[in-house]
Amino acid sequence: MPTVAEILDTMDYGPAPEDAGAVRDWLSGHAAGFGHFIGGGFTAPGDCFEVVNPATGEVLSRVSQGTPADIAAAVAAARAAQPTWAALSPHDRARHLYALARHVQKRARFLAVLETLDTGKPIRESRDIDIPLVARHFYHHAGWAAVLAEEFPDHRPHGVCGQIVPWNFPLLMLAWKVAPALATGNTVVLKPAELTPLTALAFAGIAREAGIPKGVLNIVTGDGATGAALVAAEVDKIAFTGSTEVGRDIRRATAGSGKALTLELGGKSPFIVFDDADLDAAVEGVVDAIWFNQGEVCCAGARLLVQEGVAGAFTARLRRRMETLRTGDPLDKSADMGAIVSPGQRDRIAALVAQGVAEGAELWQPGTIPAAGCYYPPTLLTGVAPASTVSQVEIFGPVATLTTFRTPDEAAALANNTAYGLAASIWSESIGQALEIATRVRAGVIWINATNLFDAGAPFGGMRESGFGREGGRPGMQAYLAPRGPRRKGRPRAEPSLPALSAAPMGAGTDTGIDRTAKLYVGGRQVRPDSGHGYGVTGPRGQLLGIAGLGNRKDIRNAVEAAARADGWSRASGHERAQVLYYLAENLGARAADLAGLLRAMTGGSAARASAEVEATLTRIFWYAGQADKIDGATHATRSRHITLTLPEPWGVMGLVCPTEAPLLGLLSLVLPAIAAGNRVVAVPSQTHPLAASELYQLLDTSDVPAGVVNLVTGPRDDLARTLAEHDEVAALWYVGPVEGGRMVQTASAGNLKATWVNRGRPIDWAGPEGQGAAFLRRATQIKTIWVPYGA
């Protein structure tokens, strides 16, 4: 036993263990194992697997392996309960969520200890971060439930939601998903992670105790096969948090199903330190960024990017701070880091670190770790090249890499040198510089002079291969709602098969005696298709009206490259974009009679109908011009002394596959919201009526639309759509066509996990309200959340 003088001399912490007696008593009460929670009660345990404490290797409990039959039973219970739950008054649903929040607070200590035993994370983090945030989410969404009708008019719940949560924040991720689902009138079937299911099962008991109606919340435990069964089940929405690889599998599995989908996936977040930063504060930020939860955090600031002038001083301070980190018993309130969740994960971390050293990195691992249990020390790798494996691969452990930069431009380029886009942390005493870099880093969440800040009122989610969709705040609620309207049951309307296109020489004559040959429009120029061929465009009586360019993969590639170069459009102000759109409307109005005549010749409709389509197109341009400078962000009520902003940002390059009908109005109904929001587009016009698009070439040229902002490639719709879906530079894709085409597009989009919007063969009245609106603008943007703390 050390003396007081020795303690003051060394300043070592003594042990401060948290009592786990109540949790162990609860586990002992389920010695036979846990069944699933379905229809308001627990089933008898089935075939079970062990749940292990990673800090000690002891078996905590046994839980049931869910089968497809278990998933089907849970979905049936949720389906039966959903109409009654959705029919509750907003006040009554709000009271249920409030009751969940209060019961979580009453069980806070129990849940914190159980979470620590199950995951290996330090009790201080479970107690002070995870469980308070769980309660916060239910409180926050109780408020949304109460004001749902006023805040989201003309919206309805999806129905039954399948939710799959990861092992790093089991209960917090449950709250992130369950709270908005229940607030919006959905019911839930949730699968917790195989490694860490215990707090979800405890929460099921709490929900029953709090009076949540039977079937509203269902929990089925199991491994990946259980999750796959849930994805395949008859649910209306899937929400998944986990690895990018599994996210791709889910995107493919849900393709063409009509299920709403949100994915919150992996990350490789940059932690940028400028030479004017408070270095001591930045060092503490690194501790929170990468050694919080043993680095098992999707948004962990794993890539340290430090300006050359302060790299030496920063590294020295960081190494000294690492020497004081305590890795040990997660139940010890003095521990900074606990145990890695499983031996398999620990071995993966060690293998990646070894690979990094083999590729030239310098390893720094101070301190000691317990000999028994599943531990890994805090690790710093310096001298890491941007292309190194450890710079590119998500390690998901307590490992930081350090790379230097010279200029802000280089910092932004290095930050974006990743397939991911979940989060970033920026450290600078110049708020102007920090905000400038924040707008240039492609990530869904940006923390300025801070890291790993979360709140139920702040949207969280990624860009690029970190997924799509947001959780938290208004966007998180929107993800669990659909526009109210008649539900269409049965098979969507079948679209007539598009004719196979036969190559024809460019410049061939027509039955009208007029040489109408439409090239492609790429990079602000009319260009011949790569094939050198076109295809005949016929009128309603079979007469040849003209030749349209027969685009192929190379033409799409060229168009995407042109769109990528036109990034100045995304940086232009909303007012500047509006001026261009107004000018486009003015020029289209001057050509209205000619356009109406062409539409009538192509479609065989009446003169009045053709004129109405042109007039509706003109009205639509004016509407989106008026919206261009009103695509606003918001501030959110989160923590005190923090400004939390959300900014709607354009995706970048969008692919648009346009409807066969309404060849002018349908095309511009997709192009206009996309470019009004700042995107650059590659559009595939109507395959059967492409000549209407060719009439836009001159209008675009004379309306000051910058080269590359709008690119038009005619040809076989679904072949070109597949190429767009597979292209990694295309960030989002809209497809109007049959179910099979939508399925193909969504399957192919899994490569870079681009966001897609398909109509699944549903007819759209392009001239009516469903042909324009806020939904188009919302789908044309992605939310970036920026946290800015202030004060001393």
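If you're wondering where the values come from, they're calculated on a predicted model, not measured in any experiment.

How each quantity is defined
Residues numbered from 1 in each chain as written. Predicted model: local features only at pLDDT ≥ 70, side-chain atom pairs only at ≥ 80, totals over all residues. Heavy atoms only, no water. Helix = DSSP H or I, 4+ residues; strand = E, 2+ residues; numbered from the N terminus. Rg over C-alpha atoms; globule rule 2.2 N^0.38 Å. Buried < 20%, exposed > 50% of the residue type's maximum accessible area, 1.4 Å probe, protein only. Contact = heavy atoms within 4.5 Å. Lys, Arg positive; Asp, Glu negative; His and termini not counted. Charge placed at Lys NZ, Arg CZ, Asp CG, Glu CD. Expected span 1.5 Å × (residues − 1). Pairing = 2+ DSSP bridges. Right-handed = clockwise from strand over helix to strand, strands pointing away. Domains from an automatic or database assignment. Buried area = accessible area lost by both parts, 1.4 Å probe. Salt bridge = Lys/Arg side-chain N within 4 Å of Asp/Glu carboxyl O. Polar contact = N/O pair within 3.5 Å; in protein donor to acceptor, adjacent residues only side chain to side chain. Nonpolar A, V, L, I, M, F, W, Y, C, P; charged D, E, K, R; others polar. Axes fitted to C-alpha atoms, helices over the stretch in contact; angles between N-to-C directions. pLDDT = per-residue confidence, 0-100. Parallel < 35°, antiparallel > 145°, perpendicular 65-115°, else oblique. Left-handed = near helix turned anticlockwise from the far one by under 90°. 1 Å grid on protein atoms, 1.4 Å probe; cavity = no way out; pocket = protein on both sides within 12 Å on 5 of 7 lines; lining within 4 Å. Points joined across faces, edges and corners; volume = space filled by probe spheres on them. Core = buried A, V, L, I, M, F, W, Y, C linked by side-chain atoms within 4.5 Å. Bend = angle between axes of the 7 residues up to and from the residue.

1. Some remarks on the overall build of the protein chain
In terms of helices and strands, the protein chain carries 29 helices and 33 strands. Computed over its C-alpha atoms, the radius of gyration of the protein chain comes to 28 Å, within 12% of the 28 Å expected for a compact globule of 792 residues. When its C-alpha atoms are laid out on the principal axes, the protein chain stretches across 105 × 65 × 45 Å. Among the 792 residues that make up the protein chain, the fraction classed as buried is 59%. The long-range share in the protein chain, meaning contacts at least 24 apart out of those at least 6 apart in sequence, stands at 75%. Taking the average location of the 73 positive side-chain charges in the protein chain and that of its 77 negative ones, the two points are 6 Å from each other.

2. Regarding helix 23 (residues 607-628)
Given a rise of 1.5 Å per residue, 22 residues ought to cover 32 Å, and the 32 Å separating the end C-alpha atoms of helix 23 matches this to within 8%. Of all the positions in helix 23, only Ala610, Glu613, Val614, Ala616, Thr617, Leu618, Arg620, Ile621, Tyr624, Ala625, Gly626 and Ala628 are classed as buried. Residues of helix 23 that are buried in the fold lie against helix 21 (574-590), helix 22 (592-603), helix 24 (665-676) and helix 29 (774-779).

3. Details of the pairing of strand 11 (residues 270-273)
Burial along strand 11 is two-sided: Pro270 and Ile272 facing one way and Phe271 and Val273 facing the other are all buried. Sheet topology places strand 11 next to strand 12 (residues 303-307); 4 bridges connect them, and they run parallel. Residue pairing in the sheet places Val273 in a bridge with Val306 of strand 12. Each parallel crossover has a hand, and for strand 11 linked through helix 12 (residues 279-290) to strand 12 it is right-handed. Pairing of strand 11 with strand 16 (residues 423-427) involves 3 bridges; the strand directions are parallel.

4. Focus on the domain arrangement of the protein chain
The domain boundaries assigned to the protein chain delineate domain 1 (40-265 + 477-483), domain 2 (269-455) and domain 3 (520-635 + 647-789). Counting from both sides, the interface comprises 26 residues of domain 1 and, opposite them, 29 residues of domain 2. Regarding the contact of domain 1 and domain 2, the summed buried area is about 2200 Å², with carbon and sulfur atoms giving 62% of it. Between domain 1 and domain 2 we count 2 salt bridges in total. A salt bridge links Arg136 to Asp455, with the shortest nitrogen-to-oxygen separation between them at 2.7 Å. At the surface where domain 1 touches domain 2, the tally comes to 11 residue pairs in polar contact (both at pLDDT 80 or more). Here the side of domain 1 that touches domain 2 takes 8 residues from helix 6 (residues 123-146), the largest share from any one element. Residue classes in the side of domain 1 that touches domain 2 are distributed as 13 nonpolar, 7 polar and 6 charged.

5. Digging into the pairing of strand 31 (residues 732-735)
The alternating pattern of strand 31 places Ala732 and Trp734 and Leu733 and Tyr735 on opposite faces, both of which are buried. Bridge analysis of strand 28 (residues 653-657) against strand 31 gives 4 bridges, and the strand direction is parallel. Paired with Met654 across the strands is Ala732, a residue of strand 31. Bridge count for strand 31 against strand 32 (residues 755-758) is 4 bridges, and the pairing is parallel. Bridge assignment links Tyr735 to a residue of strand 32, and that residue is Val758. The handedness of the strand 31 to strand 32 crossover, carried by helix 28 (residues 739-748), is right-handed.

6. Structural notes on the sheet that holds strand 26 (residues 634-636)
With respect to topology, 10 strands assemble into an open sheet ordered 13-14-15-12-11-16-17-33-27-26, the strand pairing being mixed. Edge positions in the open sheet fall to strand 13 (362-364) and strand 26, since each of these has one partner strand only. Between one strand and the next, the sheet's axes are offset by a mean angle of 20°, whatever the strand orientation. When strand 17 (residues 445-448) meets strand 33 (residues 781-789), the two strands line up parallel, connected through 3 bridges. Paired with Trp447 across the strands is Trp787, a residue of strand 33. Against the sheet, helix 12 contacts strand 11, strand 12, strand 15 (399-405) and strand 16, and its axis sits at roughly 175° relative to strand 11.

7. Structural notes on the confidence of the model for the protein chain
For residues with low pLDDT, the predicted coordinates do not support detailed interpretation. Of all residues in the protein chain, 95% attain a pLDDT of 70 or more, and the chain-wide mean is 93. Across residues 510-514, where pLDDT falls below 50, the model places 8 contacts with residues more than four positions away in sequence or in other chains.

8. Considering the packing of helix 4 (residues 90-106) against helix 9 (residues 198-209)
It is at 9 Å that the axes of helix 4 and helix 9 come closest, and there the two elements cross at 125°. Here helix 4 is positioned oblique relative to helix 9, judged by the angle of their axes. In this structure, helix 4 meets helix 9 at a crossing whose hand is right-handed. Across the interface between the two elements, Leu100, His103 and Val104 of helix 4 pack against Phe203, Ile206, Ala207 and Glu209 of helix 9. Class assignment of the residues belonging to the contact of helix 4 with helix 9 gives a composition of 5 nonpolar, 1 polar and 1 charged.

9. Brief notes about empty space enclosed by the protein
It is a probe the size of a water molecule, rolled over the atoms, that shows where empty space is left. Evaluation of the coordinates by the stated rule reveals 8 cavities of 30 Å³ or more. Taken as a whole, the largest cavity spans an internal volume of roughly 100 Å³. Lining the largest cavity are 13 residues, and of these Phe169, Met173, Trp176, Cys298 and Phe454 sit closest to its centre. The greatest single-element share of the lining of the largest cavity, amounting to 3 residues, is contributed by helix 8 (residues 170-183). When the residues that make up the lining of the largest cavity are grouped by side-chain class, the tally is 10 nonpolar, 2 polar and 1 charged. Split by domain, the lining of the largest cavity shows at least three residues from each of two domains, domain 1 (40-265 + 477-483) and domain 2 (269-455).

10. What about the nonpolar core?
What tends to happen in soluble globular proteins is that the nonpolar side chains get buried as a cluster. In this structure, Phe138, Ile219, Trp291, Leu304, Phe314, Leu318 and Trp447 are the most contacted members of the largest nonpolar core, which totals 112 residues. Per-element tally for this core: the top contributor is helix 8, with 11 residues. Each of two domains, domain 1 (40-265 + 477-483) and domain 2 (269-455), supplies a minimum of three residues to this core. Not counting the four nearest positions on each side in its chain, Trp447 is found in contact with Cys299, Ala423, Ala424, Ser425, Ile426, Asn452, Leu453, Phe454 and Trp787.

11. Some remarks on the side chain of Thr418
The residue Thr418 is located in the loop between helix 16 (408-415) and strand 16 in this model. Polar side-chain contacts of Thr418 include one of 3.1 Å to the backbone nitrogen of Tyr420. Discounting residues that sit within four places of it in the chain, Thr418 has contacts with Lys268, Arg303, Gln392 and Arg464.

12. Observations concerning helix 3 (residues 68-87)
The terminal C-alpha atoms of helix 3, which comprises 20 residues, lie 29 Å apart, in line with the 28 Å expected from a rise of 1.5 Å per residue. A maximum bend of about 40° is found in helix 3 at Ala81, where proline Pro83 lies one to four positions downstream. Turning to helix 3, its buried residues are Ile71, Ala74, Val75, Ala77, Ala78, Ala81, Gln82 and Trp85.

13. Some details on the environment of Leu595
Its location among the elements puts Leu595 in helix 22. The class of Leu595 is buried, set by a relative accessible area of 3%. Beyond its immediate sequence surroundings of up to four residues, Leu595 is in contact with Leu588, Val614, Leu664, Glu695 and Leu699.

14. Some points on the pattern of salt bridges
The tally for this structure, following the rule as stated, stands at 29 salt bridges. Across the pair Asp409 and Arg440 runs a salt bridge whose closest N-O atoms are separated by 2.9 Å. Of this pair, Asp409 sits in helix 16 while Arg440 sits in helix 17 (residues 431-440), and the two are 31 residues apart along the sequence. Across the pair Lys554 and Asp530 runs a salt bridge, and its minimum N-O distance is 3.6 Å. Pair noted here: Lys554 is in helix 19 (residues 553-565) and Asp530 is in the loop between strand 23 (525-527) and strand 24 (533-538), with a separation of 24 residues, a long-range link.

15. Re the environment of Gln698
Mapped onto the elements, Gln698 comes out in helix 26 (residues 696-702). Between the C-alpha atoms of Gln698 and Asn587, which are 111 residues apart in sequence, the distance is 9.6 Å.

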